[in-house]
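The primary structure of each chain is shown beneath.
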Amino acid sequence: VCSSDLMLTDTKIKQAKVTDKPYKIYDSGGLYIEVAPTGSKRWRWRYRWNGKEKLLSFGIYPEVPLKLARDRRAAAKELLVSGVDPSQARKEEKVESRAAENSFAAMAEEWYPLYSVPWSEHYKGLVRRRIDEYLIPRLGKRSLSEITPIEIMGILTSLEKRGVIETANRVLGICSQIFRRAVATGKAKSDPCRDLRGALAPAQEKHHAALTTKDGARAVMRALDAYQGSFVVCAAVRFTALTFVRQVELRFATWDEIDWEERMWLIPAERMKMRREHMVPLSRQAIAVLEEMRRVNGTQPYIFTGQGRRRRPISENTVRCALQSMGFAGEMTAHGFRSMASTLLNEMGWRSDVIERQLAHVDKNKVRSAYNRAEYITERRQMMQAWADFLDSL
């Protein structure tokens, strides 16, 4: 059945009957529908290239309606007029599409949302910036299978020359994790980063300024007693000293994390460095700080909020800046209270295992039993009260 003098309509296409053999219903300009014995109706376009007749498929009706089929024919004709074979252009487009799907950028976009779920917002942003700034510009469009260790080393060498050794090591780690995801999903045969282990200079460990002697602790606590700054800032510094937690743990502390009856602060896993829940026994002095804060910020979600209408958590530099204003610039930081507590509690005779657990330092010895957030909790309660009493005695 062939009709070349009349253009197609949706009605004609829908009324086309199924026969034992495939047949064609023509539209115009070489476009037609081929009706198969199975009932499927496929759009095809007949054209000539270099004197030879060629066919191009535009999809199945009704997924591809009449108007879209004509639009595709018009676009193909434009290519033909410009001297491009539409069939070859489609093949190249498919190759490019497959390459894009198997590119480093595509895998990075697959990896990031899956693996960043337990991270803090700050760390998520940091990893995202490192991917976008260092890896995507050089590797983004490259096929995973084509990327070599030499290419990756080029990125890392440029960072080494700038003196940011730690960043270079972090970028290598991120790149390796993306490739390991690619290997696990069958999109890459191996991780080229594994051949670069040991190729970078090790990052120098950063030590936070800390006063770890009894005299140093006495100087800090006396200065805090005389501090004339914001009430909230003073409370944040005192609470940091009493609990020696990390600042990300303190800043985003919420009232619903406090168990007043048990005198316990349960920090959720997503805010902890090791991504494990952490229990902080609260001394009488720590409870007193919270009770004072409750009178000030009890209606706010965060315990330690900054000034302003939006009442966000205090900034990551609040405690550090307060210590600087007290005269401890270069000598003491917020993180320094962790070193202070670790050193002095050891000198006071508390067991190192108890101290390390309260610092949320997880033992990496795989022979040990699984992590238990409440491990040594009785001793930890006693130790935290003794620590608070010690600071008061200064």
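The coordinates are above.
## Side note on the state of the cysteines
Next, step 1: Taken as a whole and judged by the stated rule, the model has zero disulfides.
Next, step 2: Of all cysteine sulfurs, the one in Cys-321 lies closest to Cys-234, which takes part in no disulfide; the gap is 15 Å.
Next, step 3: Taking the relative accessible area as the measure of exposure, Cys-321 reaches 37% and is therefore partly exposed.

## What to know about the pattern of salt bridges
Next, step 1: Applying the stated criterion across every chain, the model contains 21 salt bridges.
Next, step 2: For Lys-54, the salt bridge goes to Asp-85, with nearest N and O atoms at 2.7 Å. Within this pair, whereas Lys-54 is found in strand 4 (residues 52-61), its partner Asp-85 is found in the loop between helix 2 (66-81) and helix 3 (86-101), the two being separated by 31 residues in sequence.
Next, step 3: The class for Lys-54 is partly exposed, based on a relative accessible area of 27%.
Next, step 4: Between Glu-110 and Lys-187 there is a salt bridge; the shortest N-O distance is 3.2 Å. Highlighted residues: Glu-110 in helix 4 (residues 104-115) and Lys-187 in the loop between helix 7 (165-184) and helix 8 (214-225), separated in sequence by 77 residues.
Next, step 5: Through salt bridges that share partners, Asp-27, Arg-70 and Arg-73 make up one connected network.

## Section: the sheet that holds strand 5 (residues 258-259)
Next, step 1: Pairing is antiparallel across the open sheet formed by three strands, whose spatial order is 5-6-7. Edge positions in the sheet fall to strand 5 and strand 7 (278-281), since each of these pairs with one other strand and no more.
Next, step 2: Two elements, strand 5 and strand 6 (residues 264-267), share two bridges in a ladder whose sense is antiparallel. Across the sheet, residue Asp-259 finds its bridge partner in strand 6, namely Met-264.
Next, step 3: Across the face of the sheet, helix 15 (residues 377-393) comes into contact with strand 6 and strand 7 while running at roughly 45° to strand 7.

## Looking at unusual backbone geometry
Next, step 1: Note that the residue after Tyr-61, namely Pro-62, is joined by a cis bond; omega there is 10°.
Next, step 2: With respect to the helices and strands, the residue Pro-62 is situated in the loop between strand 4 and helix 2.
Next, step 3: Of note, Phe-244 is a non-glycine position whose phi angle comes to about 40°, a positive value.
Next, step 4: Mapped onto the fold, Phe-244 is located in the loop between helix 9 (231-243) and helix 10 (247-251).
Next, step 5: According to the relative accessible area criterion, Phe-244 is buried, its value standing at 2%.
Next, step 6: If you check the backbone angles, Ala-360 has positive phi at about 65° while not being a glycine.
Next, step 7: With respect to the helices and strands, the residue Ala-360 is situated in the loop between helix 14 (352-358) and helix 15.
Next, step 8: Its relative accessible area of 6% is what places Ala-360 among the buried residues.

## A word on the environment of Phe-328
Next, step 1: Looking at where Phe-328 falls in the secondary structure, it is placed in helix 12 (residues 318-328).
Next, step 2: Overall, the relative accessible area of 8% leaves Phe-328 in the buried class.
Next, step 3: In this structure, the C-alpha to C-alpha distance between Phe-328 and Glu-375, residues 47 residues apart in sequence, is 35 Å.
Next, step 4: Other than its neighbours up to four places away in sequence, Phe-328 contacts Leu-211, Ala-219, Val-220, Ala-223 and Leu-323.

The rules behind each value
- Residues numbered from 1 in each chain as written.
- Predicted model: local features only at pLDDT ≥ 70, side-chain atom pairs only at ≥ 80, totals over all residues.
- Heavy atoms only, no water.
- Disulfide = S-S within 2.5 Å.
- Buried < 20%, exposed > 50% of the residue type's maximum accessible area, 1.4 Å probe, protein only.
- Salt bridge = Lys/Arg side-chain N within 4 Å of Asp/Glu carboxyl O.
- Helix = DSSP H or I, 4+ residues; strand = E, 2+ residues; numbered from the N terminus.
- Pairing = 2+ DSSP bridges.
- Contact = heavy atoms within 4.5 Å.
- Axes fitted to C-alpha atoms, helices over the stretch in contact; angles between N-to-C directions.

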